[in-house]
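An overview of the molecular structure
The primary structure of each chain is shown beneath.
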Amino acid sequence: MNIANILARKGSMAVTVRPEQSIRDALALLERHNIGALIAVEGDRPVGILSERDIVREAAHNDAFFARLVADLMTRDVITGQPHDDLPSVAHTMTERRIRHLPVVDQGRLIGMVSIGDVVKAQRDHYQGEVDTLQTQLLADEGGRAR
Amino acid sequence: MTPATGTPARPLRVAIIGAGPTGFYVADHLLRNAQVVVEVDMFDRLPTPFGLVRLGVAPDHQKIKFVTNAFDKVAANPRFRFYGGVEFGKDVTLADLKAHYHQIVYCTGAQTDRRMGIPGEDLSGSHPATEFVAWYNGHPDYRDCAFDLTQERVAVVGVGNVAVDVVRILCRTPEELATTDIADYALEALRKSRVKEVYLLGRRGPAQAAFTNPEVKELGELADADVTALPEEVELDPLSRAVVERGQDRATQKKVEILKEYARRQPTGKSRRLILRFLVSPVELVGDGAGGVAALRLVHNELYATSTGTLQPRATDRFEELPVGLVFRSVGYRGVPLPGVPFNESWGVILNDKGRVLDPDSKQPIVGEYTAGWIKRGPTGVIGTNKPDAAETVECMFEDLARGAVLEPARPEAAAAEALVRQRQPNYVSYADWLKLDAIEVARGRAQGRPRVKLTRVEEMLAALGR
């Protein structure tokens, strides 16, 4: 299984924001889409990622954080994934580097985002499927017949 | 006042398109719901149910097919009907279904293969592996395909389970195959096979190969084929070694050990040789001047890590020519768009969010239309992976029902749907009909000591049903 299989059933594109937009705008987007991170883009090229954690960090010591810009708070060193990246590698990298959101790019162009929740769900379904299939075969050993 | 949809007086009527494992998992999840009364009508363009379990799973892997016992139980529910031999978009249209059902679920799988996109791919002697699989499994649409089994050297491109199935079937003896439910004509054709050397070609290394350990072990136990591999290709590169050690991935370590043992094996004089190759990609099929394949030009790959740590192949400047007369490609599969149903060309799936079909312009769910299985997420996982996938879709269906977002069919009665099908496709096959066909196939098999002998022509099936 790879990232493409996760994106295939997500339908929506990643929600994006422009670096020059305010944190107020960014919060409105996070709230409207019920998500935890936005990808900052110039055109369709990702230039940063802004997570709820980035905003909390600023809000903790700056009452005027609403007026700051996305460019001020976003993480610029973004780790991105590609459609054919394997699920286990992605899970490992996200866990080890404590990344909750992975923008997915294809030839430099943003095509979607996978969250750690997406990855956990895909892995769970994968294991459940294997268990189910193995159980079926074990039951087959105990008799019965096939089509 | 009209009773609520999903009650005994007005059951939720659902049409499922496709009778493969996913279709049955969807039906099962729907019919299990204790609060909502659901009636399921399942359509398939073929007269027989079970999709790839019947027509994809290798004939020498009968145990995998036992999953159909669970499907029989689903079909035994009085609120389930099967309409076999009824094609969506031809015999019944989307408009027909919208007039008879509250919800429609597309479970049509990935019906076509990806191309390699290299010169010579269309030479005669170059085939999608899926066509060969459909042929040896007795798929009515593929039973008349022909493969030149007079060739002595064959290459199978890919290391997924389809590729492994194909090399195994090519290497089995007629005696081994004769105990399976392989199609009769395929058994005869393979009996005359002159294939001597079979190459399985993986573009990445042994640690990344999709085949499972039981699958690779089976290749070492073939009655009359010696398996081998190249020592330099099964030795792990530093990047792969690091990944395997870091993850303490026992299964992959074992897989590599098995392959290394194959690389050390000396030929024991068996009639056929199976050569497992890694880190090579075909770049061209070289013609023989008469329209056939003479060789496969391969480039040797090296692995590099992407930013997420996935090891991907990269071509080097080393090339090799592998003389082969027959090539099967198995480099991935794609869904086929259904008439009137939004499609996501990037991934080869129906455009969807968790199984809700989306309008391509608004990206909002289309009321009453859903998808599950490979046509929803792409071709990945084992049969059982489609069960949680189907559960996710069914959860969306019940959520939408609860908030009243279902179709409002003019004729939501089982009898009206049956009348429609009967009018459009009088020769449809019911589940009771299928059970008769099943009994006939099993009886034919019993006489020969085989699990079944399949009926492989639609006319043959209808004749067996007295039509």
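Think of each chain on its own: its residues are numbered from 1, step by step along the sequence as written. Going through the entries in the order they are written, you letter the chains from A and number the ligands from 1. With the structure being a predicted model, the display of local features is reserved for residues of pLDDT at least 70 and the display and counting of side-chain atom pairs for 80 or more, all residues being used for whole-chain, interface and lining totals.

1. Some details on the overall build of chain B
Each helix is a run of H or I in the DSSP string that is no shorter than four residues. Each strand is a run of E no shorter than two, and both are numbered from the N terminus. For chain B, the count of helices and strands is 17 helices and 20 strands. Put simply, the radius of gyration uses C-alpha atoms, and a globule should come to 2.2 Å times the residue count raised to 0.38. Relative to its length of 467 residues, chain B is compact, with a C-alpha radius of gyration of 24 Å against a globular reference of 23 Å. Seen through its C-alpha atoms, chain B measures out along the principal axes to roughly 80 × 55 × 45 Å. Counting other C-beta atoms within 10 Å of each residue's C-beta, where C-beta atoms are placed from the backbone, gives the exposure class: buried for 20 or more, exposed for 12 or fewer, partly exposed between. Residues counted as buried form 49% of the 467 residues belonging to chain B. In chain B, once contacts between residues fewer than 6 apart in sequence are set aside, the share between residues at least 24 apart is 76%. Whether two residues are in contact is decided by their C-beta atoms, placed from the backbone, lying within 7 Å.

2. Brief notes about unusual backbone geometry
Residue and element names in this part refer to chain A. Look at asparagine 34: it is not a glycine, yet its phi comes out positive at around 55°. In this fold, asparagine 34 is placed in the loop between α2 (23–33) and β2 (37–42). Notably, arginine 98 is not glycine yet its phi reads approximately 55°, a positive angle. Looking at the secondary structure, you find arginine 98 in the loop between α5 (87–96) and β4 (101–106).

3. Some details on the interface of chain B and chain A
Between chain B and chain A, the contact holds 42 residues from the first and 34 residues from the second. Where the side of chain B that touches chain A is concerned, the elements lending two or more residues are α2 (52–55), α3 (68–75), β18 (352–353), α13 (374–377) and α14 (386–402) of chain B. Per-element accounting of the side of chain B that touches chain A gives the leading share, 3 residues, to α14 of chain B. Here the side of chain B that touches chain A is composed, by residue class, of 13 nonpolar, 18 polar and 11 charged. Following the grouping adopted for this structure description, the nonpolar residues are Ala, Val, Leu, Ile, Met, Phe, Trp, Tyr, Cys and Pro, the charged ones are Asp, Glu, Lys and Arg, and the polar ones are all others, Gly among them.

4. Topic: the sheet that holds strand β8 (residues 197–201) of chain B
Residue and element names in this part refer to chain B. Note on pairing: DSSP must find at least two bridges between two strands before they are called paired. Strands sit in the order β6-β14-β7-β8-β10-β9 across an open sheet of 6 strands; the sheet is parallel. Where the open sheet ends on each side, the last strands, each with one partner, are β6 (126–128) and β9 (225–229). Strand after strand, the sheet turns through a mean of 20° between neighbouring axes, direction not considered. Orientation is described by axes fitted as lines to C-alpha atoms, over the contacting stretch for helices, and by angles from 0 to 180 degrees between their N-to-C directions. The strands touched by helix α5 (residues 129–136) within the sheet are β6, β7 (153–157) and β14 (326–329), with β6 carrying the most contacts at an inclination of about 70°. Against the sheet, helix α12 (residues 250–264) makes contact with β9 and β10 (272–277), and its axis sits at roughly 110° relative to β9, the strand it touches most.

5. Quick look at the packing of α5 of chain B against helix α6 (residues 161–171) of chain B
All names here are of chain B. Running from N to C, α5 and α6 point in directions that differ by 55°, and their axes come no closer than 10 Å. Between α5 and α6, the crossing angle belongs to the class labelled oblique. Relative to α6, α5 is oriented so that their crossing is left-handed. Contact with α5, carried on its side by Ala129, Thr130, Phe132, Val133 and Tyr136, involves Val162, Ala163, Asp165, Val166 and Ile169 of α6 and no other residues of that element. Oblique is the label for any angle not under 35 degrees, not over 145, and not in the 65 to 115 range, which are roughly parallel, roughly antiparallel and roughly perpendicular in turn. Handedness of a crossing is defined here by the sense of rotation of the near helix relative to the far one, left-handed for an anticlockwise turn of less than a right angle and right-handed for a clockwise turn.

6. Side note on the environment of methionine 74 of chain A
Residues and elements named next belong to chain A. Locating methionine 74 in the fold gives a position in the loop between α4 (70–73) and α5. Accessibility expressed as a C-beta count within 10 Å gives 23 for methionine 74, which makes it buried. Put simply, methionine 74 and glutamine 135 are 61 residues apart on the chain and 47 Å apart in space, counted from C-alpha to C-alpha. Excluding its chain neighbours within four sequence positions, the residues that come into contact with methionine 74 are Pro19, Ala40, Gly48, Ile49, Leu50 and Asp54.

7. Remarks on the domain arrangement of chain B
What marks off one domain from the next here is an automatic or database domain assignment. Structurally, chain B comprises domain 1 (12–111 + 335–429) and domain 2 (115–332). Each of domain 1 of chain B and domain 2 of chain B has a C-alpha centre, and the two are 33 Å apart.

8. Examining the environment of leucine 437 of chain B
All names here are of chain B. Structurally, the position occupied by leucine 437 is in helix α16 (residues 431–446). In this structure the C-alpha to C-alpha distance between leucine 437 and glycine 291, which are 146 residues apart in sequence, comes to 41 Å. Look past the residues within four positions of leucine 437 in its chain and what remains in contact with it is Thr48, Leu455, Met461, Ala464 and Leu465.

9. A closer look at the nonpolar core
A set of buried Ala, Val, Leu, Ile, Met, Phe, Trp, Tyr and Cys residues, joined to one another through C-beta atoms within 7 Å, is what we call a nonpolar core. Of all hydrophobic cores here, the largest spans 160 residues; its most connected members are Leu50 of chain A together with Ile16, Val26, Val105, Val156, Val166 and Val167 of chain B. Sort the elements by how many residues they give to this core and α6 of chain B lands first, with 8 residues. Inspection of this core shows a minimum of three residues originating in each of domain 1 (12–111 + 335–429) and domain 2 (115–332) of chain B.

10. So, the pairing of β4 of chain A
Of all 6 residues that make up β4 of chain A, 5 are buried, and the element is covered over most of its length. Hairpin remark: β4 of chain A followed by strand β5 (residues 109–115) of chain A, antiparallel, with 2 residues in the connecting loop; positive phi at glutamine 107 of chain A, about 50°.

11. What about the sheet that holds strand β12 (residues 293–305) of chain B?
Residues and elements named next belong to chain B. Taken together, 3 strands build an open sheet; the order of strands is β11-β12-β13 and the sheet is antiparallel. The strands lining the two open edges of the sheet, one partner per strand, are β11 (280–287) and β13 (311–323). The sheet shows a mean angle of 20° between the axes of neighbouring strands, taken without regard to direction. Direction of pairing for β11 relative to β12: antiparallel, over a ladder of 7 bridges. Bridge pairing in β12 links serine 281 to valine 299.

12. Brief notes about the packing of α5 of chain A against helix α6 (residues 116–141) of chain A
Describing two packed helices takes the angle between their axes plus the distance from one axis to the other. Residue and element names in this part refer to chain A. With their axes 10 Å apart at the nearest point, α5 and α6 run at an angle of 135° to one another. When the axes of α5 and α6 are compared, the pair comes out oblique. Crossing hand, α5 versus α6: left-handed. For the pair formed by α5 and α6, the contact residues are Leu87, Val90, Ala91 and Met94 on the first element and Ile116, Val119, Ala122 and Gln123 on the second. Residue classes in the contact of α5 with α6 are distributed as 7 nonpolar, 1 polar and no charged.

13. A closer look at α5 of chain A
All names here are of chain A. Buried residues of α5: Leu87, Ser89, Val90, Thr93 and Met94, and no others. Each buried residue of α5 lies within a common arc of 160° when the element is viewed along its axis, so the set occupies one face. Across from the buried face of α5, at angles greater than 90 degrees, the exposed residues are Thr95 and Glu96. Those residues of α5 that are buried are in contact with α1 (3–8), β4 and α6. Working note: the arc is built from the helix axis to C-beta atom directions.

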